[in-house]
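So the chains spell out like this:
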Amino acid sequence: MRAPATVCQIDRFPAQGAQKATETGFISTHLLVEMWQSPFNLLADAKVVEKALRYGGSGDYHDEQGEVISYQFSPYGVSAKATFGDAHIFIHTWPENGYAAIDIFAGSDEEAYEIFERLKEAFKPHYVHALEMKRGQLIEMEET
């Protein structure tokens, strides 16, 4: 029997232009992600979460590049941070609820969404909601 497909919703908020300024770009893309109904064992243990973050950041579960730091809650649950070049991932898990809150910062849309897709693969949620924000709007002020 085939497993049901993950339900995924993504909201995008347009950047707001500053008054008397012209937009010249953004520093990063920030995805605020909520995952529900992930298996308990994928969210409960820091070592498992660290491995998933390595996969999310590099595409390789065993890649030792980058930095991953985690905190194991008792009896279960994890908060962790992973840094890979200009990409950063932050996660907080509530395995008893099958829930994870994740922030992904990346230098480009493409990189942010690649990390997002790999994390969905690693944590196997049934439902995902993501909010995309542009961070660090670069502007040039006009003379008044």
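Residues numbered from 1 in each chain as written. Predicted model: local features only at pLDDT ≥ 70, side-chain atom pairs only at ≥ 80, totals over all residues. Heavy atoms only, no water.

Where we set the bar: UniProt positions are given in the numbering used here, feature names are shortened, and annotations may be inferred rather than shown by experiment.
The name that an unreviewed UniProt entry assigns to the chain is S-adenosylmethionine decarboxylase proenzyme, with the source organism given as Thermodesulfatator indicus. Taken from UniProt, the Cofactor (unreviewed entry) comment for the chain reads in full: "pyruvate".

1. Section: the overall build of the chain
Quick note on the threshold: Strands here mean DSSP runs of E at least two residues long; helices mean DSSP runs of H or I at least four residues long; both are numbered from the N terminus. Each residue is placed in one exposure class: buried if its accessible area under a 1.4 Å probe, protein chains only, is under 20% of its type's maximum, exposed if it is over 50%, and partly exposed if it falls in between. Contact definition: two residues touch when any of their heavy atoms are within 4.5 Å. Here the Shrake-Rupley method, with its probe set to 1.4 Å, supplies the accessible areas, and only the displayed protein chains count as covering residues.
A count of helical and extended segments in the chain gives three helices and seven strands. The order of helices and strands in the chain, counted from the N terminus, is β-β-α-α-β-β-β-β-α-β. For the chain, buried positions account for 39% of its 144 residues. Taking the intrachain contacts of the chain between residues at least 6 apart in sequence as the baseline, contacts between residues at least 24 apart amount to 69%. Summed over all atoms, the accessible surface of the chain reaches about 8400 Å², with 52% contributed by carbon and sulfur.

2. A few points about the packing of aromatic side chains
Aromatic ring pairs: the centre-centre distance and the angle between the two ring planes describe each pair. Counted only if it meets this: Each pair of aromatic rings taken from Phe, Tyr and Trp, with Trp reduced to its six-membered ring, is defined by centres within 6.5 Å and is described as stacked if the planes are under 30 degrees apart, edge-to-face if over 60, and tilted in the remaining cases.
All told, the structure shown has eight aromatic pairs when counted by the stated rule. Here the aromatic rings of Trp-36 and Tyr-127 are separated by 5.2 Å at their centres, their planes lie at 40°, and the arrangement is tilted. Residue Trp-36 is found in strand β2 (residues 21–36), and its partner Tyr-127 is found in strand β7 (residues 127–141); the two are separated by 91 residues along the sequence. On the accessibility criterion, Trp-36 (28% relative accessible area) is partly exposed. Given the relative accessible area of 26%, Tyr-127 is considered partly exposed. Measuring from centroid to centroid gives 4.3 Å for Tyr-55 and Tyr-61, while their planes differ by 5°, and the two rings are stacked. The class of Tyr-61 is partly exposed, set by a relative accessible area of 31%.

3. Here we look at unusual backbone geometry
The residue after Ser-74, namely Pro-75, is reached through a cis peptide bond having omega 10°. Looking at where Pro-75 falls in the secondary structure, it is placed in the loop between β3 (67–72) and β4 (78–84). Positive phi, close to 60°, is recorded for Gln-37, a residue that is not glycine. Judged by relative accessible area, Gln-37 falls into the exposed class, the value being 52%. Residue Lys-124 is not a glycine yet carries a positive backbone phi of 50°. Residue placement: Lys-124 occurs in the loop between α3 (109–123) and β7. Using a relative accessible area of 51% as the deciding quantity, one classes Lys-124 as exposed.

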